[in-house]
Amino acid sequence: MPANRFATAVTAAVLLLCPATAAWSDRGGETADPPPAVSSGDEPTGSLTIAPGSGADLIRSVEKRLPGARVYDLNLSDDGAAPYFEVKAVRGGEVLTTIIDAATRKILRTQAEMRTSDLAPETQRELAGFGKARMRLSEAVAVAEKLGRGRAVSAGLHLNDDKLVFVVVVVADGALKEITVAPDR
């Protein structure tokens, strides 16, 4: 797993497992809506709130909402007023990003980000391998959540010796577990 993805997952998990406060601030004129506020009645995790459910279900809900799309990345973020999931999918040569409120699991918005041809060369190679794989990311996440006995906070593609693998970070019993799933085995 690339170091920056693991660092992001570690940061998110620490904030989920330890008391913390988060605040949304104006980032110099960006027009994006602030991340969602925490709502009552959800499962508390530290001082942040994450609704119960699996990462695999989140991925399936995005793919259902975007017919023909394949999700290739799931990432829990805490850089706003409340945690949210950022889910990236590809469809028709385009990268689509969906934001999901982690407290309610409600899809907030989906927007086209860029053409896949504009992605970094390594990401393009990962997506090329992903296009040939029979296994979907949701299946790999379901396997990892079962093996790790927890909930996925991050999942994505990685090339290991030019072979595609899915790397999933699961939070279970206060610890992070990185689980690698080889597709099509």
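S.K.: So, the pattern of salt bridges: which residues are in play, and what are the values?
M.R.: The final tally for this structure, using the stated rule, is two salt bridges. A salt bridge links Asp57 to Arg60; its shortest N-O distance comes to 2.6 Å. Highlighted residues: Asp57 and Arg60, both in helix H2 (residues 55-65), separated by three residues, approximately one helical turn. A relative accessible area of 38% places Asp57 in the partly exposed class.

S.K.: Tell me about unusual backbone geometry, residues and numbers included.
M.R.: The phi dihedral of Arg105 falls on the positive side, at around 65 degrees, and the residue is not glycine. Relative to the helices and strands, Arg105 resides in the loop between strand S5 (94-101) and strand S6 (107-115). For Arg105, a relative accessible area of 21% translates into the label partly exposed. Phi at Asp161 takes a positive value of approximately 55 degrees, unusual for a residue other than glycine. By the element assignment, Asp161 lies in the loop between strand S7 (151-160) and strand S8 (163-172).

S.K.: Can you lay out the sheet that holds S6 for me, pointing to particular residues and giving the numbers?
M.R.: Across the sheet, seven strands lie side by side as S6-S5-S4-S3-S7-S8-S9; this open sheet has antiparallel pairing. Pairing within the sheet leaves two strands with one partner each, and these edge strands are S6 and strand S9 (175-181). Pairwise comparison of adjacent strand axes, ignoring direction, gives a mean angle of 25 degrees for this sheet. Where S5 meets S6, seven bridges bridge the pair, whose relative direction is antiparallel. Opposite Ile99, over in S6, you have Arg109 as the bridge partner. Together, strand S3 (70-77), strand S4 (84-91), S5, S6 and S7 form the strand contacts of H2, whose direction differs from that of S3 by roughly 130 degrees.

S.K.: Can you tell me about the packing of aromatic side chains, naming the residues and giving the values?
M.R.: For the structure on display, the rule yields one aromatic pair. Ring centres of Phe130 and Phe166 lie 6.0 Å apart, and the angle between their planes is 85 degrees; this geometry places the pair in the edge-to-face category. Here the residue Phe130 occupies a position in helix H3 (residues 121-132), and Phe166 occupies one in strand S8, the gap between them amounting to 36 residues. On the basis of relative accessibility, which here comes to 1%, the residue Phe130 falls in the buried class. Across from the ring centre of Phe130, 4.1 Å away, lies the NZ or CZ of Arg70, which sits over that ring.

S.K.: I'd like to hear about the side chain of Ser54, residue by residue, with values.
M.R.: Note on placement: Ser54 falls in the loop between strand S2 (48-49) and H2. Separated by 3.0 Å, the side chain of Ser54 and the backbone nitrogen of Asp57 make a polar contact. The residues touching Ser54, leaving out its near neighbours within four places in the chain, are Arg60, Arg105 and Glu145.

S.K.: Go over H3 with me, naming the residues and quoting the values.
M.R.: Each α-helix winds once per 3.6 residues, and so residues spaced three or four apart point in a common direction. With twelve residues, H3 ought to run about 16 Å at 1.5 Å a step, and its terminal C-alpha atoms sit 17 Å apart, in line with that. Where H3 is buried, its residues meet S3, S4, helix H4 (137-148), S7 and S8.

S.K.: Could you give an account of the nonpolar core, naming the residues involved and the relevant values?
M.R.: Within the largest apolar cluster, 41 residues are counted, with the highest numbers of intra-cluster contacts made by Leu74, Phe85, Val141 and Phe166. When residues in this core are grouped by element, the largest group, six residues, is from S8. Residues in contact with Val141, not counting those within four places in the same chain, are Gly55, Ala56, Ile59, Ala152, Ala155 and Val168.

Calculation rules
Residues numbered from 1 in each chain as written. Predicted model: local features only at pLDDT ≥ 70, side-chain atom pairs only at ≥ 80, totals over all residues. Heavy atoms only, no water. Salt bridge = Lys/Arg side-chain N within 4 Å of Asp/Glu carboxyl O. Helix = DSSP H or I, 4+ residues; strand = E, 2+ residues; numbered from the N terminus. Buried < 20%, exposed > 50% of the residue type's maximum accessible area, 1.4 Å probe, protein only. Pairing = 2+ DSSP bridges. Axes fitted to C-alpha atoms, helices over the stretch in contact; angles between N-to-C directions. Contact = heavy atoms within 4.5 Å. Phe/Tyr/Trp six-rings, centres within 6.5 Å; stacked < 30°, edge-to-face > 60°. Lys NZ or Arg CZ within 6 Å of the ring centre and 35° of its normal. Polar contact = N/O pair within 3.5 Å; in protein donor to acceptor, adjacent residues only side chain to side chain. Expected span 1.5 Å × (residues − 1). Core = buried A, V, L, I, M, F, W, Y, C linked by side-chain atoms within 4.5 Å.

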